[in-house]
Amino acid sequence: MGKVQELSVTLRNNKVVYGPGEMVSGEVRIRLAAHLNFKAVKVNCIGSCGVANKANDTAWQVEEQYFSSTLSVAEKGSLIAGEYTYPFQFLLSATIPTSFEGPFGKISYRIRATIETTRFSKDYKTEKVFYILNLLNLNEINDIEQPNIATVTKKFSYLIVKSGIITLTVSTDLKGYTSGQIIHLTTDIQNKSGKDIGNIVASLIQKVTYKSKRIIYDLRAIAEVEGSGVKSWKQAEWKEQIIVPPLPQSSLHGCNLIQVDYFIQVSVRSPEVLVSLPIYIGNIAINSPPLTPSRQPQLPVAVIPTAPPAEEVGATGYQPMDSIILPTKSHSQQQTLSPQALSYTSGFESDASAQVPVPRLCISTGATVPYYADGPVVADLTENPLILPPEYSMWAQPFEPPPTYEESCSSANSSMSAGN
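Draft legend 1. Geometry of the side chain of Gln 235. Within the secondary structure, Gln 235 sits in strand β17 (residues 234-243). Taking the relative accessible area as the measure of exposure, Gln 235 reaches 14% and is therefore buried. At 3.3 Å, the side chain of Gln 235 forms a polar contact with the side chain of Asp 188.

Draft legend 2. Just the packing of aromatic side chains, in detail. Tallied over the full model, the rule gives seven aromatic pairs. With a centroid separation of 5.9 Å and an interplanar angle of 45 degrees, the aromatic rings of Phe 88 and Phe 90 are classed as tilted. The exposure classification of Phe 88 matches that of Phe 90, with both residues buried.

Draft legend 3. Representation of the nonpolar core. Ranked by internal contacts, the top residues of the largest apolar core, which has 80 residues, are Ile 111, Phe 130 and Ile 258. Top contributing element to this core by residue count: strand β4 (residues 36-51), with seven residues. If we ignore the near neighbours within four places in the chain, the residues touching Phe 130 are Leu 11, Val 16, Tyr 18, Val 24, Cys 45, Leu 92, Ser 99, Tyr 109, Arg 110 and Ile 111.

Draft legend 4. Broad picture of the pairing of strand β9 (residues 105-117). By the criterion of burial, β9 is predominantly enclosed, with ten of the 13 residues buried. Across 13 bridges, the pairing between β4 and β9 is antiparallel. For Asn 44, the partnering residue across the bridge sits in β9 and is Arg 112. Of the strand pairs in this sheet, strand β8 (residues 100-102) and β9 are connected by three bridges, and their pairing is antiparallel. Counterpart to Phe 100 in the pairing with β9 is Ile 107. Where β8 folds back on β9, the antiparallel hairpin that results is connected by two residues. Strand direction decides the pairing type here: β9 and strand β10 (residues 124-132), joined by seven bridges, are antiparallel. Following the sheet pairing, Arg 112 is matched in β10 by Glu 127. Hairpin connection of β9 to β10: six residues between the antiparallel strands, including Phe 120 at a positive phi of 75 degrees.

Draft legend 5. Quick peek at the sheet that holds strand β3 (residues 23-32). One open sheet accounts for three strands, arranged β1-β3-β7; its pairing is antiparallel. Two strands lie at the open edges of the sheet, namely β1 (4-11) and β7 (82-91), each paired on one side alone. Each strand axis lies, on average, 15 degrees off the axis of its neighbour in the sheet, ignoring direction. Here β3 runs beside β7; their pairing, made up of ten bridges, is antiparallel.

Scoring rules and cut-offs
- Residue indices follow the written sequence of each chain, beginning from 1 at its first position.
- Totals for whole chains, interfaces and linings use every residue, but because this is a predicted model, local features are given only for residues with pLDDT of at least 70 and side-chain atom pairs only at 80 or more, for both listing and counting.
- To get the side-chain values, take all heavy atoms of the structure and skip hydrogens and water.
- Strands here are runs of E lasting at least two residues and helices are runs of H or I lasting at least four, both read from the DSSP assignment and numbered beginning at the N terminus.
- Buried residues are those whose accessible area, probed at 1.4 Å on protein chains only, stays under 20% of the maximum for their type, while exposed residues exceed 50% and partly exposed ones sit between those limits.
- Residues adjacent in sequence count toward polar contacts only when both atoms are side-chain atoms; beyond that, a polar contact is any pair of N or O atoms within 3.5 Å, and within protein one must be able to donate a hydrogen and the other to accept it.
- What counts as a ring pair is set by centres within 6.5 Å for rings of Phe, Tyr and Trp (its six-membered ring), and what kind of pair is set by the plane angle: stacked under 30 degrees, edge-to-face over 60, tilted for all other angles.
- We define a nonpolar core as any set of buried Ala, Val, Leu, Ile, Met, Phe, Trp, Tyr and Cys residues linked to one another through side-chain atoms lying within 4.5 Å.
- Contacts are residue-level and defined by heavy atoms, with any inter-residue pair within 4.5 Å sufficient.
- Pairing between two strands requires that DSSP report at least two bridges joining them.
- Fitted lines through C-alpha atoms give the axes, limited to the stretch in contact for helices. The angle between two N-to-C directions lies from 0 to 180 degrees.

Pasting the structure below:
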């Protein structure tokens, strides 16, 4: 850097995560090797969002700024060789959105220090990034503690002249979760046909919408569970759990360019039937989550007629239906969706990064970061740069499902009792 050996920004107490309305303070440190004439030493606090049309492109197509405050800590003069420190502080807006970084855009916050030099000399600049956590309290969302349920019925044809009906009813115990909680999923499948139907798949899907000159959708399957198919004239019940991994919160209140949504998708591959349940991922858990099976949602009781409508008899070869429990075939974690699955980005490709486990604060170039959890934050931005949900696919055979709610609660209560 020539005369300037060091120009750095240090935040007070090395704090890197702040909330809306907090004060960001620290100091600018300058170490000079020789005499330096300058016009000013300025510190700028900036918060903004940018969205691009290409993955990992920082040439933003659209931008929005949340704040930009500049403080002049030293006026025109000269400095001799030596070390200098200049304190600063900025009050953050109370309405700024949570930090986010994805392949097509990001919400970023930074402190920029600049030494403005005299004519014909270059300016010296440096930046320090910090992060904003605007907590999403699930308890503030209407009916968040209620079960989530949806039903789809589809009529399909097979063997040219025959037809059948498949009914798929899906429910989750809640409408919102935080990292580490278990999504309790119940699926009822009615196969009213003489044809066996294909495997059933349940996925936790993240959808990030980037609003540029054209809207870009980036979809990722965070977790996937696969169950067996259903034989002809069978009614099957499938119960599974999906552990919520570290993920960014739903919504980004205060941001108009990036939107984060989650949903549970359950689908049958043949014939194609799909049910989607929107859910919220937040930072503050629901006050009264279900603790016993009695709180689990009750699926509608299927009414099985003794005979089909007259026009269906000849075509379907109707017979009484049997009820079975559907087994699970596999669990897996997906970092991105395959092109044949749900990936669509208005003509743009998604970008995925290899990911490894991390503490509560995680920074990444992937689409699911930064992630923040409620409680104390442990920052480690160098040794643990990325995040990855639990890796089911590496488990030994046979595949073991995540623990039930009762097991989890019993374990948690035991730990709390031991701690007391």
